[in-house]
Amino acid sequence: MNSLRSLSYSSIREALSHQTPTKLSSLSPLYSYNQRRWLKPVDSAQTRLENRTRDNRLDKLIVHIRKLNIILEITKLMGNKKRGPFVSLQLMSRWKNIVGLNVSIGAFVGKYPHAFEIFTHPCRRNLCCRITDKLKELVEEEESVVREFEVDAVRRVKKLLLMSRKGVLNVHALRLMRKELGLPEDFRDSVLAKYTSEFRLVDLETLELVDGDDDERLSVAKVEEWREVEYREKWLSEFETNYAFPINLPTGFKIEKGFREELRNWQRVPYLKPYERKEISRSVERFEKRVVAVIHELLSLTVEKMVEVERLAHFRKDLAIEVNLREVILKHPGIFYVSTKGSTQTLFLREAYSKGCLIEPNPVYSVRRKMLDLVLLEKRHSKELLQSCEEERDVEVRYDEDWEGERDGDWILPILEK
């Protein structure tokens, strides 16, 4: 009996195994397609960054500024070499990775004859490079202007201290942003040590405000000055202007349904202003609006109204920016613009720029703009430059008699006259 059952089970199993499988799609039309799961689009800082409306003028400006920064870095390296007024291209080729170039340094400096002069050494017959008088004069002019307007830089640092949570700032954060704030290279010795009545160094890396109650004008944010003008000149109500920000949407920005109403409601939301010493509200909307106000004021304090996002992040703790910085910035395309050109993210204050130029220039910005214009000339008007160089060739070659071995760029030369 058991053998008959096992035989019948085996025969049934064998029959099923040889049976052709029936496709599920033939059973019902419901199985004739592949099931797909429709996911809600992700709204994050990265997606906002990728989908933002580009500002071509500001992106171009960053590309040009990056070229200028490389030129100034090469100039600095050339100045560090105490071997005379020029350096051989062979030695300069070692600086390619230091300055962050993806082309040969000889090809790069050759593009900018108004900044660098390339010539053949009259004795050793190798190619050498030196800084042009135009660029040298502008570098010296920038240093003198920074020294001349030192008081303005002190005022900016003091306003940052007033805006900070406990009246202290990290010196390392200031060091990273010294150029943006118009501070000299040696600001620790020349500025911090000089103005001890304004602030003092608690330790090597902490700067503390001495007295923040002597001038109430320092506690007025730039956006509040704008609100006053809007209130007086446009006759808007205090309810509309008391907590509003200037909005300059980029060209081509797509305004979706409900955007204007959301923006109008956000403009009316009250918040704790940057220089107010009160307990910060934990309401998400009010807290984020205060962060926007702090970033807006910090950008207003910079010389060129722009700063790298990474450098800005060093102020998060001192200025109580306890949110995702990029996410808040990208939520407000009418106030800020983030450029990703030049292998870094640069934050602009949109209201401060028009057609790629600062609307209200200052002396430090004006000198830097002259440098940028010199770089933008590239090879234009280079014939006139060569003629002027030929007229000035009246120098002799000197070298060190105690020199042993081969040294690049050790000759002190301008160019010999034939």
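Residues numbered from 1 in each chain as written. Predicted model: local features only at pLDDT ≥ 70, side-chain atom pairs only at ≥ 80, totals over all residues. Heavy atoms only, no water.

1. Focus on the nonpolar core
In this structure, Ile74, Met92 and Ile295 are the most contacted members of the largest nonpolar core, which totals 103 residues. Among the elements that line this core, the one with the most residues is helix 4 (residues 56-80), at 11 residues. Not counting the four nearest positions on each side in its chain, Ile74 is found in contact with Met92, Trp95, Val99, Ile105, Phe108, Val109 and Phe116. (Core = buried A, V, L, I, M, F, W, Y, C linked by side-chain atoms within 4.5 Å. Buried < 20%, exposed > 50% of the residue type's maximum accessible area, 1.4 Å probe, protein only. Helix = DSSP H or I, 4+ residues; strand = E, 2+ residues; numbered from the N terminus. Contact = heavy atoms within 4.5 Å.)

2. Observations regarding the sheet that holds strand 7 (residues 306-308)
Spatial ordering of the open sheet is given by 7-9-8, a layout of three strands whose pairing is antiparallel. Looking at strand neighbours, the two that pair on one side only are strand 7 and strand 8 (336-339), the edges of this open sheet. Strand-to-strand twist across the sheet, computed as the mean angle between neighbouring axes with direction ignored, equals 25°. Pairing analysis gives three bridges linking strand 7 to strand 9 (residues 346-349), with the strands arranged antiparallel. Looking at strand 9, one finds that Met306 is bridged to Phe348. Its contacts with the sheet put helix 4 on strand 7, strand 8 and strand 9, and the angle it makes with strand 8 is roughly 50°. (Pairing = 2+ DSSP bridges. Axes fitted to C-alpha atoms, helices over the stretch in contact; angles between N-to-C directions.)

3. Digging into the packing of aromatic side chains
Under the defined criterion, the tally for this structure stands at seven aromatic pairs. Centroid distance Phe245 to Trp266: 5.7 Å. Interplanar angle 35°. Geometry classified as tilted. Within this pair, whereas Phe245 is found in the loop between helix 13 (238-241) and helix 14 (259-268), its partner Trp266 is found in helix 14, the two being separated by 21 residues in sequence. For Phe245, a relative accessible area of 1% gives the class buried. An aromatic cluster is defined as three or more aromatic residues linked by ring pairs; in this entry it consists of Tyr243, Phe245, Trp266 and Tyr271. Of note, Arg227 hangs over the ring of Phe245, and the distance from its end group to the ring centre comes to 5.2 Å. Positioned above the aromatic ring of Trp266, the side-chain terminus of Lys289 is 4.6 Å from the ring centre. (Phe/Tyr/Trp six-rings, centres within 6.5 Å; stacked < 30°, edge-to-face > 60°. Lys NZ or Arg CZ within 6 Å of the ring centre and 35° of its normal.)

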